[in-house]
Amino acid sequence: MLRKIAVLALPEMAPFEFGVLCEVFGIDRSDTGGPVFDFHIVAADPGPVRTKLGFDIVIDEGLENADDADLIAVPAFYFGPLDPRILELLRRAEARGAWILSVCSGAFALAEAGILDGRRSTTHWMYTDRLTRDYPATTVDPDVLFVEDRHVITGAGTAAGIDACLHLVRTELGAAAANVIARRMVVPPQRDGGQAQYIEAPIPERQSDSFAAVTEWMLAHLAEDLPVDVLAAKALMSERTFARRFRAEMGATPAAWLNRQRLIRAQQLLERTDLGLEQIASESGFGSSAVMRHHFLKVLHTTPNAYRRTFSCTGDVVLAG
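Residues numbered from 1 in each chain as written. Predicted model: local features only at pLDDT ≥ 70, side-chain atom pairs only at ≥ 80, totals over all residues. Heavy atoms only, no water.

Trainee: Whenever I open this one, the sheet that holds strand 6 (residues 71-74) confuses me. Can you help?
Mentor: In sheet architecture, strand pairing relies on hydrogen bonds along the backbone and comes in two forms, parallel and antiparallel. If you walk across this open sheet you meet the seven strands as 5-2-1-6-7-11-10, and the pairing is mixed. Edge positions in the open sheet fall to strand 5 (61-62) and strand 10 (146-149), since each of these has one partner strand only. Pairing geometry for strand 6 and strand 7 (residues 99-103), over four bridges, is parallel. Counted as the bridge partner of isoleucine 72 is isoleucine 100 from strand 7. Here helix 2 (residues 84-95) sits on the sheet and contacts strand 1 (4-8), strand 6 and strand 7; the angle it forms with strand 6, its principal contact strand, is near 140°. (Pairing = 2+ DSSP bridges. Helix = DSSP H or I, 4+ residues; strand = E, 2+ residues; numbered from the N terminus. Contact = heavy atoms within 4.5 Å. Axes fitted to C-alpha atoms, helices over the stretch in contact; angles between N-to-C directions.)

Trainee: What exactly am I supposed to notice about the packing of aromatic side chains here?
Mentor: For any pair of aromatic rings, geometry is given as the distance between the ring centres together with the angle between the planes. Within this structure, the stated rule accounts for seven aromatic pairs. Ring centres 6.3 Å apart and planes at 70° place the aromatic pair phenylalanine 108 and tyrosine 135 in the edge-to-face group. Residue phenylalanine 108 is found in helix 3 (residues 107-112), and its partner tyrosine 135 is found in the loop between helix 4 (128-134) and strand 9 (139-140); the two are separated by 27 residues along the sequence. Ring centres 5.9 Å apart and planes at 75° place the aromatic pair phenylalanine 296 and tyrosine 307 in the edge-to-face group. (Phe/Tyr/Trp six-rings, centres within 6.5 Å; stacked < 30°, edge-to-face > 60°.)

Trainee: What is the right way to look at the packing of helix 10 (residues 254-272) against helix 13 (residues 304-311) in this model?
Mentor: Helix-helix packing: each pair is described by the crossing angle between the helix axes and the interaxial distance. Closest axis-to-axis distance for the helix 10/helix 13 pair is 8 Å, and the angle between their directions is 50°. It follows that helix 10 is oblique to helix 13 by the angle criterion. Judged by the twist between their axes, the crossing of helix 10 over helix 13 is right-handed. Residue-level contacts link Gln267, Leu269, Leu270 and Glu271 of helix 10 to Pro304, Tyr307, Arg308 and Phe311 of helix 13. Tallied by class, the residues present in the contact of helix 10 with helix 13 amount to five nonpolar, one polar and two charged. (Parallel < 35°, antiparallel > 145°, perpendicular 65-115°, else oblique. Left-handed = near helix turned anticlockwise from the far one by under 90°. Nonpolar A, V, L, I, M, F, W, Y, C, P; charged D, E, K, R; others polar.)

Written out as C-alpha cells, the structure reads:
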C-alpha cells in the first residue's frame, strides 16, 4: 500500500512541480473520504534549498527519512550533477521495490541514477531529445503525459505531473481515492491524449530559400487539392526532382509537410473560431471531419472536439458539424 511519501527537495528545483507533489500527497483529505499519507520532504542537507525562481524553501528532514518510503517523488530541477547521496537513495529505493516518480525534468535525476536504464520514460517535450541523447539506455516516448514501467513513473511537463500522481494513487488506492484528490484540486481525474498536442510546431529548417515561394503558395492554398505534379510545376521542376529536393531541404515529403500545415491550420481554427468541424476540415484541406479526426488521433493523440474543449479561446464552442 501507498503510505509513506518522501519528496526530494533538489537545488534549483521548480516550485510549481514541487508544489504538485506536495498538493497531491501532502494534504489530509480524510474529511471528504480521501487518503492520508505519511508525508515527508527531505533534502541531502537539511536547511535552506534554493529554488529555480531564486527563493529558498527550508527543509527539516534529511535523506535518511526516505529510506523506508513507499514512494520517492522527484520534482523538476535545473539540469546539473546531483549529490551522490541522492543518487544512492534512488538506487536503494529501486532495489527494494519502492515506487519512484518524477515530474518534468526530474526524469534526468532518475536517468543519472541509472533507474531508467532498460525502461520506457518521458519528460517535458522540450527535453525529450536531450534525454534520448544523454541517456540512450532508456526508451523515451515524447508524446505521452506519463509512463509507468515497473514501479517507476516519469511524468511529462508541469501539469502532466498531476496526471502521473493521480495515476499512482488510482493504481495503489483505487479510482475513488484518486477522484477525491482530483475533485479537491479541481482537475480531471484522468485526462485523454498526450503532450503532442501541446508541442509548439517547429519551423522547418531549410538549407536555402529555393522553396520559400512554393511553400508560401502552399500555405495560401491549403484548402485545395495539391498533388505533387501541381507543386512541381509551380516550382518549375520535374516531379521527381521536386520530391527529392523538397524532402532534402524541408525535412519531410511534400505530402507530410502539407498534412502538418493543415493540422496546424485546423488547430488554429479550433482555438480561435466557433466554426463547425466540417467547415474547419474543408478550410484546412482535410476535406471531411472524419479525415481530420484521423490525423488528430494519429499525430496529436486527441480528437478535434477534445482539442477544442482544452484550447478554445472563444468561450462557447460548437461541437457539431
